[in-house]
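The lines below spell out each chain.
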Amino acid sequence: MTTDPWGRVDDDGTVYVRTSEGERVVGSWQAGAPEEALAFFRRKYDSLVTEVELLEKRLNSTDLSASSAMASIDKLRDSVREANAVGDLDALLRRLDVLADRAEQRKVEQKQAQEQAREQARETKERIVAEAERVAVETTHWKSGGERMLQLIEEWKKAPRADRPTEQALWKRMSAARNSFSKRRKAYFANLDQERETVRAEKERIVEEAESLAHSTDWGPTARAYRDLMQQWKRSGRADRASEEKLWTRFKAAQDTFFDARNATFAERDAELRVNAEAKERILAEARSEIPSISDPRRARARLRDFQEAWEEAGELPRDVRDQLEGAFRQIEDGVRRAEEAEWKRTSPEARARAQDTVSQLASAISDLETKLDKARESGDTRRAKEYEEALEARRSWLAEAQKALDELS
């Protein structure tokens, strides 16, 4: 019989392995020496040792999941227990027990990491959903809002997954927000299309009226009508782009037709009125040189009437000099009117009465001060005498000015 610390070969070739539970048969060897049999079954044991070492390395140096590790450990433990090999199988089982403890610890760590990752995923998706709901309720910039909604959905897809109930509840809110935004956008554009159609119809009416006036020769009222139509155009809002451009082209063409014809007519008329401008320039020059030299407002008014009659007889002015010449002539008229107003104020009975009253009051005040001054001097009151002298000096000066004004009014 050939023996080994962990097994033996019986005389009949039966091979045994020793474990803590006793001996058990692992095989039979009939082809050679007993030492060869033990060597053969030791190699099988070495293969098991290699598998255990590989599993230890994977558990220590990789992110092998706890469940995968436990499955490998259980499978390898069964292999060791039933192994037809010679070696310290109990030591291998102990090593597997250590690995099982490590796998359990990793299971706890991985569970904690998963819970943390799920919480982070929940927070991330909660933020995505909250923004989607805000976009769905508040956004009125539909293009940028739609783009942002698509971005949020892509962010959702790329974000880690939370637990199933949370994931389902959040996706339900996300889907509701997307649908709400789509409904609001569709409703807005449906209403906008209706509004634009209303605007298009209104602008069609404006254009038709403008086209009906294009060949009018009633220049003043028609020009005012075009200004009114332009204000209506601006107030009516905007139609769709294609209709807006076509209608504006028609409106502008009608307007240009009218104003081009009007400008051509006015240009021809202005050329005919140029002789009137030359006549009024001569009238204006004579009035400017003559009227300011007349000091009597009545005579100035009479002379102004002559110039006014001549001005009216000269006829209408060309547009390019109308405001300039009319304004210059009004300045002459305003000058005569101001001179008349000043003369009236100067010669009015009320003004003379007020001036006379002022002179009388000052004369009375001076007389009263002179009496008080004499008494102060007689009593030797120099302080009061000085005050009365100063007051008299001021009032005599005022009296001189008041008398001068009264003389001018008389």
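Residues numbered from 1 in each chain as written. Predicted model: local features only at pLDDT ≥ 70, side-chain atom pairs only at ≥ 80, totals over all residues. Heavy atoms only, no water.

A.B. asks: If you had to explain the overall build of the protein to someone new, which residues and values would you point to?
C.D. replies: Of regular secondary structure, the protein possesses 11 helices and four strands. On C-alpha atoms alone, the protein measures out to a radius of gyration of 59 Å, which is more than a quarter above the 22 Å that the 2.2 N^0.38 rule sets for 410 residues. Each principal axis of the C-alpha distribution contributes one length, and for the protein these read about 170 × 95 × 35 Å. Considering the protein as a whole, with its 410 residues, one finds that 35% of them fall into the buried category. Put simply, 67% of the contacts in the protein that link residues at least 6 apart link residues at least 24 apart. Surface summary for the protein: the accessible area is close to 26100 Å², and the carbon and sulfur share equals 48%. For the protein, the distance from the average site of its 77 positive side-chain charges to the average site of its 84 negative ones is 2 Å. (Helix = DSSP H or I, 4+ residues; strand = E, 2+ residues; numbered from the N terminus. Rg over C-alpha atoms; globule rule 2.2 N^0.38 Å. Buried < 20%, exposed > 50% of the residue type's maximum accessible area, 1.4 Å probe, protein only. Contact = heavy atoms within 4.5 Å. Areas by Shrake-Rupley, 256 points an atom, 1.4 Å probe, with all protein chains shown as cover. Lys, Arg positive; Asp, Glu negative; His and termini not counted. Charge placed at Lys NZ, Arg CZ, Asp CG, Glu CD.)

A.B. asks: Tell me about the packing of aromatic side chains, and name the residues and values.
C.D. replies: Evaluated as defined, the whole model comprises 10 aromatic pairs. An angle of 85° between the planes, with centres 5.1 Å apart, marks the rings of F40 and F41 as edge-to-face. Take F40: its relative accessible area is 30%, and that puts it in the partly exposed class. An aromatic cluster is defined as three or more aromatic residues linked by ring pairs; in this entry it consists of W219, Y226, F258 and F259. (Phe/Tyr/Trp six-rings, centres within 6.5 Å; stacked < 30°, edge-to-face > 60°.)

A.B. asks: Help me get a handle on helix α4 (residues 142–158), residues and values and all.
C.D. replies: Between the first and last C-alpha of α4 there are 24 Å, a value that for 17 residues agrees with the 24 Å anticipated at 1.5 Å per step. Those residues of α4 lying buried are W142, G145, G146, M149, L152, I153 and W156. When α4 is viewed along its axis, its buried side chains cluster within an angular range of 120° and face the same direction. Across from the buried face of α4, at angles greater than 90 degrees, the exposed residues are K143, L150 and K158. Residues of α4 that are buried make contact with α3 (89–138) and α5 (164–213). (Expected span 1.5 Å × (residues − 1). Arc of directions from axis to C-beta.)

A.B. asks: Go over the pairing of strand β3 (residues 14–19) with me, naming the residues and quoting the values.
C.D. replies: Bridge count between strand β2 (residues 7–9) and β3: three bridges; the pairing is antiparallel. Along β3, the bridge assignment pairs R8 with Y16. Looking at chain direction, β3 and strand β4 (residues 22–28) are connected through six bridges and run antiparallel. Among the inter-strand pairings, V17 is bridged to a residue of β4, identified as R24. Linking two consecutive strands that pair antiparallel, namely β3 and β4, is a turn of two residues. (Pairing = 2+ DSSP bridges.)

A.B. asks: Could you give me a rundown of the pattern of salt bridges, with the residues and numbers involved?
C.D. replies: Evaluated as defined, the whole model comprises 30 salt bridges. The salt bridge partner of R200 is E204, with a shortest N-O separation of 3.8 Å. Of this pair, R200 and E204 both sit in helix α5, four residues apart, which is roughly one turn of that helix. On the basis of relative accessible area, R200 is assigned to the partly exposed category, the value being 23%. Within this structure, R127, E131, R134, E138, R148 and E155 form a network of salt bridges that share partners. (Salt bridge = Lys/Arg side-chain N within 4 Å of Asp/Glu carboxyl O.)

A.B. asks: An account of the environment of G7 is requested, with residue identities and associated values reported.
C.D. replies: Looking at where G7 falls in the secondary structure, it is placed in strand β2. The buried category is assigned to G7, whose relative accessible area is 0%. Sequence separation of G7 and R42 is 35 residues, and the distance between their C-alpha atoms is 9.5 Å.

A.B. asks: Go over the side chain of S216, please, and point to the residues and values.
C.D. replies: Mapped onto the fold, S216 is located in the loop between α5 and α6 (219–235). For S216, the side chain forms a polar contact with the side chain of T222, separated by 2.8 Å. Ignoring any residue separated from it by four or fewer positions in sequence, one finds S216 in contact with T222 and F258. (Polar contact = N/O pair within 3.5 Å; in protein donor to acceptor, adjacent residues only side chain to side chain.)

A.B. asks: Residues and numbers for the environment of A177, please.
C.D. replies: Topologically, A177 is positioned in helix α5. Sequence spacing of A177 and V135 is 42 residues, and the spatial spacing of their C-alpha atoms is 8.1 Å. Residues within four places of A177 in sequence aside, it is in contact with A132, E133, A136 and M149.

A.B. asks: Lay out the nonpolar core in plain terms, naming residues and giving numbers.
C.D. replies: The biggest cluster of nonpolar side chains holds 28 residues, and the ones touching the most others in it are L92 and L96. Elements with a contribution of two residues or more to this core: β3, α1 (34–61), α2 (66–81) and α3. Ranked by the residues each element gives to this core, the list is headed by α1, at nine residues. In this structure L92 touches Y45, L48, V49, V52 and V80, once residues within four positions along its chain are discounted. (Core = buried A, V, L, I, M, F, W, Y, C linked by side-chain atoms within 4.5 Å.)

A.B. asks: Describe the side chain of T139, naming the residues involved and giving the relevant values.
C.D. replies: Along the polypeptide, T139 turns up in the loop between α3 and α4. Given a relative accessible area of 14%, T139 falls into the buried group. Discounting chain neighbours no more than four positions away, the residues touching T139 are R134, G145, F181 and R184.

A.B. asks: Kindly report on the packing of α3 against α5, identifying the contributing residues and their values.
C.D. replies: Their axes nearest at 8 Å, the elements α3 and α5 cross at an angle of 20°. As summarised for this structure, α3 and α5 are arranged roughly parallel, according to the angle between their axes. Remark: the crossing between α3 and α5 carries left-handed chirality. Residue-level inspection shows R122, K125, E126, I128, V129, A132, E133, V135, A136, V137 and E138 of α3 in contact with α5, the latter providing T166, E167, L170, R173, M174, A177, S180, F181 and R184. Here the contact of α3 with α5 is built from residues that sort into 10 nonpolar, two polar and eight charged. (Axes fitted to C-alpha atoms, helices over the stretch in contact; angles between N-to-C directions. Parallel < 35°, antiparallel > 145°, perpendicular 65-115°, else oblique. Left-handed = near helix turned anticlockwise from the far one by under 90°. Nonpolar A, V, L, I, M, F, W, Y, C, P; charged D, E, K, R; others polar.)

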